[in-house]
Amino acid sequence: MKLVGIAGSIADQSYNRTLLNFMSKHCEGVADIEVLDINQVPMFSQDDDQTNSSVIQKLSNKIKSADGVIIATPEHNHTVPAALKNVIEWLSYEIHPLDGKPVMIVGASYHTQGSSRAQLHLRQILEAPGVNAVVLPGNEFLLGNVKTAFDDNGDLKDQRTIDFLDTTLQKFIKFAKVINMIDADDYEKEDLSATGKTDTTVEGVDMDDPDWLNKAAKKVNAVEGNTYVKLDSGLLTVNQLNYMLKTTPIELTYVDENNQFIYYNRFLPTEKMLAKRTPEQVGDSLTTVHPGKERVIKHVKQVIHMLRSGKTDLVSMPVPGGDSDHHVMHYYKAMHDEEGNYKGVNEWAVDLKPIVNEYLKQTGQMLVPDPNAKVDATSGASKKPDAPVDATASASKEETEKEVKPEVDATSSASKH
């Protein structure tokens, strides 16, 4: 299970951060716990909205992609520290990554009560409108006398304390699984009609217009021809970019974070493509690209939700109904900017059989049946027992309708409270 930990302190020496680091190390193999840093979070102010800053977005994305959150709070003046309250303010103003998210509270303090009053207040804060976290009930881990609780390696000394922490964490893992299962249908909120907008959305042009590409390019004064474009690892003209992409021997598709289909590398005529696309589709929403195919729409939402939420970074599927001369695969890769923000889907389709054939020819090897393999009757793909097969729909008009049941986690609304 993937968890993130937040220590409610920005002190250089934080026993609550030490506790989370111990949990991360001690629980390896049971849960993957990533301890997040809140030291650079700015002071909350409605007059200076920094929701879109890299530090806030990084925290939000990490929380959204996790199965649960562990918050370790110190106790300052009988309540939570200002630094922790400040983080929660940012995460409940314009964005709400904690909405529906399972949360476990732990805490360490210098005295015997182990941050009990701070933990009580934190529960109330996390249940507030706009935060709406789902806090593990009936379990408290209160680490008192913290100055003598750890050894020089940052490990807890007392075995009974470790055992109790293990028991509490196991209860939280079960709790998180149940909560995430309840919210498993959250993918239905995925808007394939591209009704929103991103920082790269071209406004003022109807996305369903067959001539969207030319009109949108004119609207934004897009460069073309031999105009140079500085990339992060090269300098090419627009023509050179087109030459390279159109000779790349796989079919590429770009769907932005608003679920608008904005590019494909047209190196084959439509009728010869593995995933057939037309120039008139460029600019369409994914709903328009998949007209009247409710089951396909469902699968597209599931896949994009998994990629957007960080549940997985790559989804792959074999195209069913192939023959001995072809093995067509579709891959869907989440794209992110330098700060880790989701920026859409890079889809590619490729026939692997010619590649495999060439490899066998060059190496003098041959394929033989695996007697232990189980074959997926729908796709014809061989798989090991209990191994999951990813299947989803492409951004083309010719789709598979293979049933998929991906695991998804909960997202939250973007409304302001």
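Each value, and the rule that gives it
- Residues numbered from 1 in each chain as written.
- Predicted model: local features only at pLDDT ≥ 70, side-chain atom pairs only at ≥ 80, totals over all residues.
- Heavy atoms only, no water.
- Helix = DSSP H or I, 4+ residues; strand = E, 2+ residues; numbered from the N terminus.
- Buried < 20%, exposed > 50% of the residue type's maximum accessible area, 1.4 Å probe, protein only.
- Contact = heavy atoms within 4.5 Å.
- Areas by Shrake-Rupley, 256 points an atom, 1.4 Å probe, with all protein chains shown as cover.
- Pairing = 2+ DSSP bridges.
- Axes fitted to C-alpha atoms, helices over the stretch in contact; angles between N-to-C directions.
- Core = buried A, V, L, I, M, F, W, Y, C linked by side-chain atoms within 4.5 Å.
- Phe/Tyr/Trp six-rings, centres within 6.5 Å; stacked < 30°, edge-to-face > 60°.

Peer 1: Explanation requested: the overall build of the chain in the structure shown.
Peer 2: Scanning the chain from N- to C-terminus turns up 10 helices and 15 strands. The proportion of buried residues among the 417 residues of the chain is 44%. If you take every contact in the chain between residues at least 6 apart in sequence, the share linking residues at least 24 apart comes to 66%. Within the structure as shown, the chain displays about 22100 Å² of accessible surface, and the carbon and sulfur contribution to it stands at 51%.

Peer 1: Before we go on, may I ask you to explain the sheet that holds strand β11 (residues 314-318) in this structure?
Peer 2: Backbone-to-backbone hydrogen bonds join strands into a sheet, with any given pair of strands oriented parallel or antiparallel. Taking strand neighbours across the sheet as the criterion, the five strands line up as β10-β9-β13-β12-β11 in an open arrangement whose pairing is antiparallel. A single partner strand is all that each edge strand has here, and the edge strands are β10 (261-264) and β11. Direction aside, neighbouring strands of the sheet carry axes that sit 15 degrees apart on average. Across three bridges, strand β9 (residues 251-255) lies against β10 in antiparallel orientation. By the bridge assignment for β10, Thr 253 is matched with Tyr 264.

Peer 1: How should I be thinking about the nonpolar core in this particular structure?
Peer 2: Note on soluble globular proteins: their nonpolar side chains tend to be buried together. The biggest cluster of nonpolar side chains holds 29 residues, and the ones touching the most others in it are Val 69, Leu 98, Val 103, Leu 122 and Leu 126. Contributions of two or more residues to this core are made by β1 (2-7), α2 (54-65), β3 (68-72), α3 (82-90), β4 (102-108) and α4 (116-126). In terms of residue count, α3 provides more of this core than any other element does, five residues in total. Residues within four places of Val 103 in sequence aside, it is in contact with Val 69, Ile 71, Leu 98, Leu 126, Ala 133, Val 134, Val 135, Leu 136 and Phe 172. Formed by 28 residues, the second largest nonpolar core is a distinct cluster that contains Leu 20, Ala 108, Leu 165 and Phe 172.

Peer 1: Where do I start with unusual backbone geometry in this structure?
Peer 2: Unusually for a residue other than glycine, His 78 sits at a positive phi of about 70 degrees. In this structure, His 78 sits in the loop between β3 and α3. Although it is not a glycine, Asn 259 sits at a positive phi angle of roughly 65 degrees. Note that Asn 259 resides in the loop between β9 and β10.

Peer 1: Explanation requested: the packing of aromatic side chains in the structure shown.
Peer 2: The geometry of an aromatic ring pair is captured by the separation of the ring centres together with the interplanar angle, meaning the angle of the planes. Under the counting rule described, the total for this entry stands at seven aromatic pairs. For the ring pair Phe 141 and Phe 164, a centre distance of 6.1 Å and an interplane angle of 20 degrees mean the geometry is stacked. Of the two residues, Phe 141 is situated in strand β6 (residues 141-143) and Phe 164 in helix α5 (residues 159-182); the sequence distance between them amounts to 23 residues. Through pairs of rings, three or more aromatic residues link up here, namely Phe 44, Trp 90 and Tyr 93.

Peer 1: What am I meant to see in the pairing of strand β12 (residues 328-336) here?
Peer 2: In summary, the side chains of a regular strand alternate between the two faces of the sheet. Counting buried positions over the nine residues of β12 gives seven, a clear majority of the element. Pairing of β11 with β12 involves five bridges; the strand directions are antiparallel. Of the residues in β12, the one forming a bridge with Ser 316 is Tyr 331. Sheet topology places β12 next to strand β13 (residues 342-351); nine bridges connect them, and they run antiparallel. What sits directly across from Met 335, in β13, is Gly 344. Where β12 folds back on β13, the antiparallel hairpin that results is connected by five residues, among which Gly 340 adopts a positive phi of roughly 90 degrees.

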